[in-house]
Amino acid sequence: MPHPARLRSHHAAAAPRLRPLRPMRRPRLLVIGCGDVGQRAVQALGGRWTVRALTSQPERAADLRQRGITPLIGNLDAPATLRRLGALAPRVLHLAPPPTTGDDDPRTRHLLQALGRHTVCQRLVYGSTTGVYGDTGGARFDETRPVAPANARARRRVAAESTLRGWALVHGVTASILRIPGIYAGDRPGGHPRERLARGTPVLRHEDDVYTNHIHANDLARLCVAALLRGRPQRIWHACDDTELKMGDYFDLAARLCGLPLPRRISREEARTQLSPMLLSFMGESRRLDNQRMKRELRTVLRYPEVSAGLLA
């Protein structure tokens, strides 16, 4: 019978050697257009991701670093500054707006050219606008409705969506689109109606008024993250809350919540002489968006499903 000491020696020699565990690599994200919503999306990740963000303003670098974001100096209008973007992250959040002129979005094309130089990008989420539908006369509809952009601003977004979806099919990338309405939040620059109310800007009388759609900036940030994690290829979602209000009623509600006077009501004819062309364009489109697909597929419960709650946050 073998000696016990020899048995112990035999078993010790036969035992497998355990390798030290390697730390898990954190997920990587590239943010294009890391403004207010992009920064909120990074914050919603809770510091668990490695995040890089493109900025054309070197003076923003220190602020981005303070938020745990590695800044990359580059400009979507200068393709030569974007060459290294494609090798940085498998997930990309594209929130940069198109140029302010023309019917196309060369910025998105430049970004996709840079991403296409490598095979790193696997999932891309684009923040578009609900303005791509144009005026629907207050109809309620879902994401299957065809686009009908009524101005150059919306046509640029349609061009960006089309370019992105075509590129994704060619490169085998899961690309999806959030169509975003009016974004608001009390701590967002220019993002609360109290500022417009304080200026005394009038609203349309009820018979001339239009339906508008809204999303709180924090909920939008969480939807961006959900799309990055669970987005399906070529999918579009309405990133809006459950509120169904005409524009004037929205500002009346905000005035009551803020203890401010109700805005003055005017006719559409009066509005043409008193309001800016930009504001008039928003007053010329009436939509009611169905958000059931967003709730079902992104599985995100809105913290502010109604503006009455979000305006008080």
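Residues numbered from 1 in each chain as written. Predicted model: local features only at pLDDT ≥ 70, side-chain atom pairs only at ≥ 80, totals over all residues. Heavy atoms only, no water.

J.: Can you lay out the sheet that holds strand 3 (residues 69-73) for me, pointing to particular residues and giving the numbers?
T.: Strand order in this open sheet of 7 strands is 3-2-1-4-5-7-12, and the pairing throughout is parallel. Each edge of the sheet is formed by a strand with only one pairing partner; in this case those strands are strand 3 and strand 12 (236-238). On average, each strand axis in the sheet is tilted by 20° relative to the strand beside it, whichever way the strands run. Examined bridge by bridge, strand 4 (residues 91-94) and strand 5 (residues 123-129) share 4 bridges and lie parallel to one another. In the sheet register, His94 faces strand 5, and the bridge partner there is Tyr126. Against the sheet, helix 5 (residues 152-171) makes contact with strand 4, strand 5, strand 7 (174-180) and strand 12, and its axis sits at roughly 165° relative to strand 5, the strand it touches most. Lying on the sheet, helix 7 (residues 217-230) is in contact with strand 1 (28-32), strand 4, strand 5, strand 7 and strand 12; it crosses strand 5 at an angle near 145°. (Pairing = 2+ DSSP bridges. Helix = DSSP H or I, 4+ residues; strand = E, 2+ residues; numbered from the N terminus. Axes fitted to C-alpha atoms, helices over the stretch in contact; angles between N-to-C directions. Contact = heavy atoms within 4.5 Å.)

J.: An account of the pattern of salt bridges is requested, with residue identities and associated values reported.
T.: Evaluated as defined, the whole model comprises 21 salt bridges. The residue Arg205 makes a salt bridge to Asp208 at a minimum N-O spacing of 2.7 Å. Judged by its relative accessible area of 33%, Arg205 is partly exposed. Of the residues examined, Asp208 reaches a relative accessible area of 17% and is grouped as buried. Measuring nitrogen to oxygen at the nearest pair gives 2.9 Å for the salt bridge that ties Arg232 to Glu297. One end of the pair, Arg232, is in the loop between helix 7 and strand 12; the other, Glu297, is in helix 11 (residues 292-298), and 65 residues separate them in sequence. The partly exposed category is assigned to Arg232, whose relative accessible area is 42%. A cluster of three or more residues bridged by salt bridges with shared partners is formed by Asp36, Arg40, Asp187 and Arg188. (Salt bridge = Lys/Arg side-chain N within 4 Å of Asp/Glu carboxyl O. Buried < 20%, exposed > 50% of the residue type's maximum accessible area, 1.4 Å probe, protein only.)

J.: Residues and numbers for the packing of aromatic side chains, please.
T.: Counting across every chain of the model gives 2 aromatic pairs. Pairing Tyr133 with Phe141 gives two aromatic rings, centres 4.7 Å apart and planes at 70°, and the pair type is edge-to-face. Each member of the pair, Tyr133 as well as Phe141, is classed as buried. Geometrically, the ring pair formed by Tyr250 and Phe251 is edge-to-face, given 5.2 Å between the ring centres and 75° between the ring planes. No difference in accessibility class separates Tyr250 from Phe251, as the two residues are buried. Arg145 extends its terminal NZ or CZ atom over the ring of Phe141, reaching a point 4.9 Å from the ring centre. The ring centre of Phe251 lies 4.0 Å from the NZ or CZ of Arg196, which sits over that ring. (Phe/Tyr/Trp six-rings, centres within 6.5 Å; stacked < 30°, edge-to-face > 60°. Lys NZ or Arg CZ within 6 Å of the ring centre and 35° of its normal.)

J.: I'd like to hear about helix 4 (residues 106-115), residue by residue, with values.
T.: Of all the positions in helix 4, only Thr108, His110, Leu111, Leu112, Ala114 and Leu115 are classed as buried. Capping the start of helix 4, Asp105 holds a side-chain oxygen 3.1 Å from the backbone nitrogen of Arg107, two or three residues further along. (Polar contact = N/O pair within 3.5 Å; in protein donor to acceptor, adjacent residues only side chain to side chain.)

J.: Lay out the packing of helix 4 against helix 5 in plain terms, naming residues and giving numbers.
T.: Axis separation between helix 4 and helix 5 bottoms out at 10 Å; the angle between their running directions is 15°. Classified by the angle their axes make, helix 4 and helix 5 are roughly parallel. Every pair of crossing elements has a handedness; the one defined by helix 4 and helix 5 is right-handed. Residue-level contacts link Thr108, Arg109, Leu112 and Leu115 of helix 4 to Ala160, Thr163, Leu164 and Trp167 of helix 5. Taken together, the residues of the contact of helix 4 with helix 5 break down into 5 nonpolar, 2 polar and 1 charged. (Parallel < 35°, antiparallel > 145°, perpendicular 65-115°, else oblique. Left-handed = near helix turned anticlockwise from the far one by under 90°. Nonpolar A, V, L, I, M, F, W, Y, C, P; charged D, E, K, R; others polar.)

J.: Tell me about the pairing of strand 3, residues and numbers included.
T.: With 5 bridges joining them, strand 2 (residues 50-55) and strand 3 adopt parallel strand pairing. Paired with Arg52 across the two strands is Thr70, which belongs to strand 3. In this fold, strand 2 hands off to helix 3 (residues 61-66), which returns the chain to strand 3; that crossover is right-handed. (Right-handed = clockwise from strand over helix to strand, strands pointing away.)

J.: Would you mind going over the pairing of strand 2 in detail, with residue names and values included?
T.: Where strand 1 lies against strand 2, 5 bridges are found, and the strand directions are parallel. From the neighbouring strand, Val31 faces strand 2, where its bridge partner is Ala53. Handedness of the crossover joining strand 1 and strand 2 through helix 2 (residues 36-44): right-handed.

J.: Pulling in residues and values, what's your account of the nonpolar core?
T.: Among the nonpolar cores identified, the biggest contains 31 residues, and Leu29, Val51, Leu93, Leu178, Cys224 and Leu298 are the most heavily contacted of them. Those elements giving two or more residues to this core turn out to be strand 1, helix 2, strand 2, strand 7, helix 7 and helix 11. Counting residues per element, this core draws most heavily on helix 7, which supplies 8 residues. Those residues in contact with Cys224 that sit more than four places away from it in its chain are Val37, Ala41, Leu93, Leu95 and Leu178. Formed by 26 residues, the second largest nonpolar core is a distinct cluster that contains Leu76, Ala96, Leu112 and Tyr126. (Core = buried A, V, L, I, M, F, W, Y, C linked by side-chain atoms within 4.5 Å.)

The analysis is restricted to geometry; functional conclusions fall outside its scope.
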